[in-house]
Every structure is written in structure tokens, then in C-alpha cells.
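Next come the chains, spelled out residue by residue.
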Amino acid sequence: MLEVSVVVPARNAAHWLDECLTAIERGEPAEVIVVDGCSTDDTVAIARRHGARVLSDEGRGLSIARALGAQAATRERVAFVDTDVVLGDGALAALLDEFEEGGYTGLQAGLYSVGGPGYWGSALAHHHRTGRSVRWFGLVATIFRRSVLLDAGFDERMRSGEDIELRRRLSRAGARLGVSERTVVLHRFADGFPFARDQWLADGGGLAGTLRREGWRAAGLVALPALAAARGIALSLVRRELKWIAYYGCYMVFNYAGMVRRRE
């Protein structure tokens, strides 16, 4: 048994949760806590079938879910694993070993993104495999020291993008954060334009929330969607992969739409 508490935020994730929890169980963590966001599908039933401890965030969002999971954890090392992640055999133990060896405050597994079979799911996965953000620290499959996390806390006003805000705040405080190159896990995207659109709107909303909290210190975030889109389009032209240009155009438009909507 590994001395780690695994926290899985979940909302209407029945289509992914069984495979996610089965993979976690193979790693033999000390406990698994599923924090449900008022799901209307079989998410809670699946979590209980796997023997997970189930809490509710009462629909208040991902920041609250992660905060509740960290508070309820009984181990000093807490692993946040999203429902769209599948850990490979030995991945949890390997990430824990690297976490301790490197003296990290927080260490995320490397992500190999897959999607499809349609255009939008494939495009999301392509972007996440080839974009600069693949090396950015986040909370998708990440181990933290519980005491540090509880001291830092999450901005519970943010319904998305809390990983960006937390990363920036911890980095300024001198925390050691990293993304593993040794341990890579499967990161899945659903298909269809509505799913992609909601991803972009949430990303934009997270950027706006960070801007609202930090003010001028986060001003550079305003340019991120445009810069990422320009890079993606340029690479698509150079590589003669013209099919991705529509994706990057939509990515930029809906990121900014999410920023505007969040700041209203």
C-alpha cells in the first residue's frame, strides 16, 4: 500500500470513471476519495462500487472539490487525478518516488493526450501533445504535500483555471513544482464541437479569474490565446497540416469569449 491519498473530482463522469478508478486501484493507494459535483448520471454509484469514499462539493465547482478532497485526506501526500486520466501500471509509485527524490512541493505526471475519433477530439489531443502547455504544471495527475496545499489553499471563487492561479502563487513563494518526463499517463478528450467549445470557454474563464485576482502582474495572460493560436497555425502551415487551422481559430475566439464572459 502506497502512503498517498488519491482525490478524484468528478461530475457526470460515468463514461470515464470506471477505467480511471480501476487504474488507480492497481496502484494500491492508502485511500481513494471521489468528490462528486452533484452528478445526474451513475458517477456516485460507480465510485461506491469501487470502494471509494464519496464526498459532495454541492455543485460549487472544481476548486471547492479539490479543496474538500485535500482537507479530507488522511495522508501527507495527496494525488489529484482527473477522471479523464488513466494511470499505467506502476505509474503512481513511480511518480511518488520522483516526487520524494526531487524534493517537490507538487509534481505532475507527463501527459499523453488522445481524443477522437472525430475532428474536434483529435484536434484537442493534437494541440495538447504539440503545444508549449504540455510542459506546464497543472492538477490533472499531480502529487502534492498536503500541509503546503492546505496552507496555500485554492481560490474558491474560481470555477475553472484554479491550477493556473495556484501555480503562479506557489511559484512566487518559491515552491518546487515540476512535470515528470519519466512517468507519463494517458489523458483523454471527448469528441464533438460542444465539448471543445466548453474546454476553451473554461480556459478563458480561468485566465480571466487569474487576471481579476492578480491585476497587472497577470497582464501577460491576455496574450496567451492569440500567441498559442498563432503558433499552432504557423506550425500547421509549415507542416502542411492545414486541417488544424480551423481548430486554432476557434480556440482563440472561444478563449477570449470565456475571458469576457468571466469578467462581466
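Residues numbered from 1 in each chain as written. Predicted model: local features only at pLDDT ≥ 70, side-chain atom pairs only at ≥ 80, totals over all residues. Heavy atoms only, no water.

## Focus: the overall build of the protein
From N to C terminus, the protein includes 10 helices and 8 strands. Radius of gyration (C-alpha) of the protein: 18 Å, near the 18 Å computed for a compact globule of 264 residues. Counting only C-alpha atoms, the protein reaches 50 × 40 × 35 Å along its principal axes. Out of the 264 residues belonging to the protein, those deemed buried represent 49%. For the protein, long-range pairs separated by at least 24 residues make up 77% of all intrachain contacts whose partners lie at least 6 apart in sequence. On the protein, roughly 12100 Å² of surface is accessible, and the fraction owed to carbon and sulfur atoms is 53%. Between the averaged position of the 34 positive side-chain charges in the protein and that of its 32 negative side-chain charges there is a distance of 7 Å. (Helix = DSSP H or I, 4+ residues; strand = E, 2+ residues; numbered from the N terminus. Rg over C-alpha atoms; globule rule 2.2 N^0.38 Å. Buried < 20%, exposed > 50% of the residue type's maximum accessible area, 1.4 Å probe, protein only. Contact = heavy atoms within 4.5 Å. Areas by Shrake-Rupley, 256 points an atom, 1.4 Å probe, with all protein chains shown as cover. Lys, Arg positive; Asp, Glu negative; His and termini not counted. Charge placed at Lys NZ, Arg CZ, Asp CG, Glu CD.)

## Side note on the sheet that holds strand β6 (residues 106-114)
Strand order in the open sheet formed by 8 strands is β3-β2-β1-β4-β7-β6-β8-β5, and the pairing between neighbours is mixed. In this open sheet, the two strands that pair with only one neighbour each are β3 (53-56) and β5 (85-86). Sheet strands in contact with helix α4 (residues 91-101) are β1 (2-10), β2 (29-36), β4 (77-81), β6, β7 (141-145) and β8 (177-188), and its direction is about 165° off that of β8. (Pairing = 2+ DSSP bridges. Axes fitted to C-alpha atoms, helices over the stretch in contact; angles between N-to-C directions.)

## Observations regarding the state of the cysteines
Inspection of the entire model under this criterion finds 0 disulfides. Cys-38 provides the cysteine sulfur closest to Cys-20, a residue in no disulfide bond, and the two sulfurs are 20 Å apart. When its relative accessible area of 1% is taken as the criterion, Cys-20 is described as buried. On the accessibility criterion, Cys-38 (42% relative accessible area) is partly exposed. (Disulfide = S-S within 2.5 Å.)

## Topic: the packing of helix α7 (residues 162-172) against helix α8 (residues 193-214)
The contact between α7 and α8 brings their axes to 9 Å, and the two run at 40°. As judged from the angle between their axes, α7 and α8 are oblique. On the side of α7, the interface is formed by Ile-164, Glu-165, Arg-168, Arg-169 and Arg-172, while α8 contributes Leu-207, Thr-210, Arg-213 and Glu-214. (Parallel < 35°, antiparallel > 145°, perpendicular 65-115°, else oblique.)

## Considerations on the pairing of β3
Taken together, the 4 bridges between β2 and β3 define a ladder with parallel strand orientation. Bridge assignment links Asp-36 to a residue of β3, and that residue is Ser-56. Following the chain from β2 across helix α2 (residues 43-49) to the adjacent parallel β3, one finds a crossover that is right-handed. (Right-handed = clockwise from strand over helix to strand, strands pointing away.)

## A few points about the packing of aromatic side chains
Tallying each qualifying case throughout the model produces 14 aromatic pairs. Between the aromatic rings of Trp-120 and Trp-200, the centroid separation amounts to 5.9 Å while the plane-to-plane angle is 75°, which identifies the pairing as edge-to-face. Of this pair, Trp-120 sits in helix α5 (residues 119-130) while Trp-200 sits in helix α8; the two residues are 80 residues apart in sequence, bridging distant segments of the chain. With respect to burial, Trp-120 and Trp-200 carry one shared label: buried. Judged by centre distance (5.8 Å) and plane angle (85°), the ring pair of Phe-137 and Phe-144 falls under edge-to-face. The exposure classification of Phe-137 matches that of Phe-144, with both residues buried. (Phe/Tyr/Trp six-rings, centres within 6.5 Å; stacked < 30°, edge-to-face > 60°.)

## Details of the side chain of Arg-169
On the secondary structure map, Arg-169 appears in helix α7. The contact partners of Arg-169, leaving out residues within four places of it in the chain, are Ala-152, Gly-153, Phe-154, Asp-155 and Arg-213.

## Concerning the environment of His-187
Checked against the element boundaries, His-187 lands in strand β8. Assessed through its relative accessible area of 6%, His-187 is described here as buried. The contacts of His-187, once residues within four sequence positions are left out, are Asp-84, Val-85, Leu-111, Tyr-112, Ser-113, Val-114 and Val-140.

## Regarding the nonpolar core
Membership of the largest hydrophobic core comes to 33 residues, with the highest contact counts inside it found for Val-6, Val-8, Leu-21, Ile-24, Leu-87 and Val-185. When neighbours within four sequence positions are excluded, Val-6 is seen to be in contact with Ile-24, Pro-29, Glu-31, Val-32, Ile-33, Ala-79, Val-81 and Leu-92. (Core = buried A, V, L, I, M, F, W, Y, C linked by side-chain atoms within 4.5 Å.)

Interpretation note: all reported values are geometric properties and have no functional meaning in isolation.
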